[in-house]
Amino acid sequence: YKLSVALEMDIMEYCRKEWRGNTPVAKRMRKGYEAVAQKFASIRRVRGDNYCALRATLFQALSQATQLPSWLQSEDFTMLPENLLSKYDWIKQWQLKQKLSRKMGEISDEIKEYLMLLRKKWKNISEIKDPIEKQEACDKLFKNEEEEYSLYEALKFLMLNTAIELYNDDKNGRRVPVFSWLLFARDTSSNPCQLMHNHLNHIGHSGGLEQVEMFLLAYTLQYTIQVYRLYKYSTDEFITLYPNDPEEDWPVVTLITEDDRHYNIPVRMCQETTL
């Protein structure tokens, strides 16, 4: 099996390999990498298919997990597919891993399996105390294609659930985060059904996550996703937080992108030197 997240490499060495020329873009990228290198020593390349935003985020979350998030602990967590399908008939058209639609019962059973796998893996990895062992367990998981892709399907389904909750909250006059308005202001996703058909069903197949869907992912996981956006170096969008007003108790994962399409992972935080 090929590891979906490559072994670590010195961040500046990686930058020199990737950005040799003297074009304005190359210079900006080098400056961006230099800034990241103030905080992180190494980079791990993430396989560049259309799952890469989900892959990079989940890998980082699991690598530093010390407990099961509260939303994974809830009693009715695995009943989610059944509950949603009983309310929203259109979810029958959920697209499962490269397979075309199948009978309703099968969809809900299959997604339930993915959700149970996500909970099991998260629990097992978070219980490992030794950091080297924890990293090995993550690497092993991200070498197993069958399991890895099942986890992304679970995440996508959870994103749909979060979108439905936000949409209903807004309709019922409750306060929702600003990104939720943006999510449903698009012509292609004015409601959760369209979001599923035109966006979520395509993630991993013909498209990745758009900016506004990074917010949805962060909100779903209850994690702050901090992204170094290298092409925005020297602007105030160089380090972008999803969501931009995170809850204080949410854990933070950090990613790097050169173009908002492909994401890599910075690792080994540099020890802050104190005088």
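To start, this report covers the structure provided alongside it.

Definitions and limits used
Residues numbered from 1 in each chain as written. Predicted model: local features only at pLDDT ≥ 70, side-chain atom pairs only at ≥ 80, totals over all residues. Heavy atoms only, no water. Buried < 20%, exposed > 50% of the residue type's maximum accessible area, 1.4 Å probe, protein only. Helix = DSSP H or I, 4+ residues; strand = E, 2+ residues; numbered from the N terminus. Arc of directions from axis to C-beta. Contact = heavy atoms within 4.5 Å. Salt bridge = Lys/Arg side-chain N within 4 Å of Asp/Glu carboxyl O. Expected span 1.5 Å × (residues − 1). Pairing = 2+ DSSP bridges. Axes fitted to C-alpha atoms, helices over the stretch in contact; angles between N-to-C directions. Parallel < 35°, antiparallel > 145°, perpendicular 65-115°, else oblique. Nonpolar A, V, L, I, M, F, W, Y, C, P; charged D, E, K, R; others polar.

**Comments concerning helix 1 (residues 11-18)**
Burial in helix 1 covers these residues: I11, M12, Y14 and C15. When helix 1 is viewed along its axis, its buried side chains cluster within an angular range of 155° and face the same direction. Contacts made by the buried residues of helix 1 are with strand 1 (9-10), helix 2 (24-37), strand 2 (40-44), strand 5 (252-257) and strand 6 (263-269).

**Brief notes about the pattern of salt bridges**
Counting across every chain of the model gives 17 salt bridges. Between D169 and R174 there is a salt bridge, with the nearest N and O atoms lying 2.8 Å from each other. K232 serves as the salt-bridge partner of E237, at 3.8 Å between the closest nitrogen and oxygen. A single salt-bridge network, built from bridges that share partners, covers R229, K232, E237 and D260.

**Details of helix 3 (residues 52-63)**
With twelve residues, helix 3 extends 16 Å between its outermost C-alpha atoms, agreeing within 8% with the 16 Å of an ideal straight helix rising 1.5 Å per residue. When we look at burial in helix 3, the residues that qualify are C52, A53, L54, R55, A56, T57, L58, F59, Q60, A61, L62 and S63.

**Examining the sheet that holds strand 3 (residues 224-229)**
Reading across from one edge, 1-2-6-5-3-4 is the order of the six strands in this open sheet, with mixed pairing throughout. Each of the sheet's edge strands pairs with one partner strand only, and the pair in question is strand 1 and strand 4 (239-242). As paired strands, strand 5 and strand 6 are joined by two bridges and run antiparallel to one another. Considered in strand 6, the bridge of I256 is made with N264. Sheet strands in contact with helix 3 are strand 2, strand 3, strand 5 and strand 6, and its direction is about 20° off that of strand 6.

**Side note on the packing of helix 3 against helix 8 (residues 145-171)**
Running from N to C, helix 3 and helix 8 cross one another at 100°; their axes reach a closest spacing of 10 Å. For the element pair helix 3 / helix 8, the angle class is roughly perpendicular. Across the interface between the two elements, L54, R55 and L58 of helix 3 pack against E148, Y149, L151, Y152, L155, K156 and M159 of helix 8. In terms of residue class, the contact of helix 3 with helix 8 is made up of seven nonpolar, no polar and three charged.

**Quick look at the environment of P266**
Residue placement: P266 occurs in strand 6. What makes P266 buried here is its relative accessible area of 2%. Along the backbone, P266 and V253 are 13 residues apart, and their C-alpha atoms lie at a distance of 9.7 Å. Ignoring anything within four residues of it in the chain, the contact list for P266 reads V36, F40, S42, I43, Q60, T254, L255 and I256.

Taken by themselves, the reported measurements are silent on function.
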